[in-house]
Amino acid sequence: DTAVSQTPKYLVTQMGNDKSIKCEQNLGHDTMYWYKQDSKKFLKIMFSYNNKELIINETVPNRFSPKSPDKAHLNLHINSLELGDSAVYFCASSRTNNQPQHFGDGTRLSIL
Amino acid sequence: KQEVTQIPAALSVPEGENLVLNCSFTDSAIYNLQWFRQDPGKGLTSLLLIQSSQREQTSGRLNASLDKSSGRSTLYIAASQPGDSATYLCAVNRGMRFGAGTRLTVKP
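In this text the structure is predicted, and so the values were computed from the model without any measurement.

The subject of this paragraph is the overall build of chain B. Helix and strand content of chain B: 0 helices and 11 strands. Dimensions of chain B, computed from C-alpha atoms along their principal axes, come out at roughly 40 × 25 × 20 Å. Contacts in chain B between residues at least 24 apart in sequence constitute 53% of all its contacts with a sequence separation of at least 6. Surface exposure of chain B reaches about 5100 Å², of which carbon and sulfur atoms provide 47%.

In structure tokens:
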């Protein structure tokens, strides 16, 4: 059973399009995260939600909007995609924000 | 602003060697520090988490230490194996800041 699952695994799309990445965790965790890993493999946090409430919102363009319909899901919607958005996006979860994080396998987003 | 640095950037060792990976951070006001490994094309796997009040954590051949006052953590890997080859990342939790990682290669 996959603990943290992201879909799709690969996403290739044109500049200017709107796309969503879904994330689900079956661990019963309260906290979920989105990270961006750029071409140099540097990992940076984007958002963190605890019990469906936003607790971390780094300096991310407002084209990125996380949505948490329930504790088990944290989806990432991106409007007006730009070339610089090309990266691998990781979802993660933890029991609380002070416990080990479990990561999904990532979504590789490529903007043409 | 918290900055996290990992040294060395890459390390290649023969199988069986003991090795140490280093992580330093600039702001000691952290909740915890985590060590992860990342295999190519995969997500991160949590190895060890040290709470700010702790000095070290151990799991199998891995031992991680934390010295908040000096802003340093080390990950010690005993008797390295080819399967340990991966990128190792440390992250300090107060806003989750990651280092750039150490790419480890263990040669048979």
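Alright, that's what it looks like, and here's the rest.
Further remarks concern the environment of A:His73. Residues and elements named next belong to chain A. Summarising the element assignment, His 73 is placed in strand S8 (residues 73-78). Linking His 73 and Asn 26, residues 47 residues apart in sequence, is a C-alpha distance of 9.2 Å. For His 73, the contacting residues outside a window of four places in its chain are Cys 23, Glu 24, Met 32, Lys 67 and Ser 68.

We now examine the interface of chain A and chain B. Residue-level contacts link 17 residues of chain A with 19 residues of chain B. Counting every contact that joins chain A to chain B gives 0 salt bridges. Viewed at the interface, chain B and chain A are joined by 5 residue pairs in polar contact (both at pLDDT 80 or more). For the side of chain A that touches chain B, the secondary-structure elements that each account for two or more residues are strand S4 (31-37) and strand S5 (43-50) of chain A.

Taken as a whole and assessed by the stated rule, the structure comprises 2 disulfides over all chains. Across the disulfide, A:Cys23 is cross-linked to A:Cys91 (sulfur-sulfur distance 1.8 Å). With the S-S bond torsion at -75°, the cross-link from A:Cys23 to A:Cys91 turns out left-handed. Note that A:Cys23 is positioned in strand S3 (residues 19-25) and A:Cys91 in strand S9 (residues 87-94), a separation of 68 residues in sequence. Both residues of the pair, A:Cys23 and A:Cys91, count as buried. Sulfur-sulfur distance for the disulfide between B:Cys23 and B:Cys90 comes to 2.0 Å. With the S-S dihedral at roughly 75°, the linkage between B:Cys23 and B:Cys90 falls on the right-handed side. Of this pair, B:Cys23 sits in strand S3 (residues 19-25) while B:Cys90 sits in strand S9 (residues 86-93), and the two are 67 residues apart along the sequence. B:Cys90 shares its class with B:Cys23; the two are buried.

Attention now moves to the layout of surface pockets. Quantified by volume, the largest pocket comes out at close to 420 Å³. Together, 23 residues line the largest pocket, and A:Gln37, A:Lys41, B:Gln38, B:Pro40 and B:Gly41 are the ones closest to its centre. Among the secondary structure elements, those contributing two or more residues to the lining of the largest pocket are S9 and strand S11 (107-111) of chain A together with S9 of chain B. Broken down by element, the residue count for the lining of the largest pocket peaks at 3 residues, all from S9(B). A breakdown of the residues in the lining of the largest pocket according to their chemical character gives 8 nonpolar, 8 polar and 7 charged.

Here we take up the packing of aromatic side chains. Under the defined criterion, the tally for this structure stands at 7 aromatic pairs over all chains. Residues A:Phe90 and A:Phe103 carry aromatic rings whose centres are separated by 6.3 Å and whose planes lie at 70° to one another, so their mutual orientation is edge-to-face. Placement of A:Phe90 in strand S9 and of A:Phe103 in strand S10 (residues 102-103) is noted, with a sequence separation of 13 residues between them. With respect to burial, A:Phe90 and A:Phe103 carry one shared label: buried. Seen in terms of ring centroids, B:Phe36 and B:Phe98 are 5.7 Å apart; in terms of plane orientation they differ by 35°. Their pairing is tilted. Here B:Phe98 lies in strand S10 (residues 97-98) and B:Phe36 lies in strand S4 (residues 32-38), a separation of 62 residues in the sequence. Here B:Phe36 and B:Phe98 have matching classes, each one buried. Among the aromatic residues, those joined into a cluster by ring pairs are A:Tyr33, A:Tyr35, A:Phe90, A:Phe103, B:Phe36 and B:Phe98.

Rules and cut-offs
- Residues numbered from 1 in each chain as written.
- Chains lettered and ligands numbered in written order.
- Predicted model: local features only at pLDDT ≥ 70, side-chain atom pairs only at ≥ 80, totals over all residues.
- Heavy atoms only, no water.
- Helix = DSSP H or I, 4+ residues; strand = E, 2+ residues; numbered from the N terminus.
- Contact = heavy atoms within 4.5 Å.
- Areas by Shrake-Rupley, 256 points an atom, 1.4 Å probe, with all protein chains shown as cover.
- Salt bridge = Lys/Arg side-chain N within 4 Å of Asp/Glu carboxyl O.
- Polar contact = N/O pair within 3.5 Å; in protein donor to acceptor, adjacent residues only side chain to side chain.
- Disulfide = S-S within 2.5 Å.
- Buried < 20%, exposed > 50% of the residue type's maximum accessible area, 1.4 Å probe, protein only.
- 1 Å grid on protein atoms, 1.4 Å probe; cavity = no way out; pocket = protein on both sides within 12 Å on 5 of 7 lines; lining within 4 Å.
- Points joined across faces, edges and corners; volume = space filled by probe spheres on them.
- Nonpolar A, V, L, I, M, F, W, Y, C, P; charged D, E, K, R; others polar.
- Phe/Tyr/Trp six-rings, centres within 6.5 Å; stacked < 30°, edge-to-face > 60°.

On their own, these measurements won't tell you what the molecule is for.
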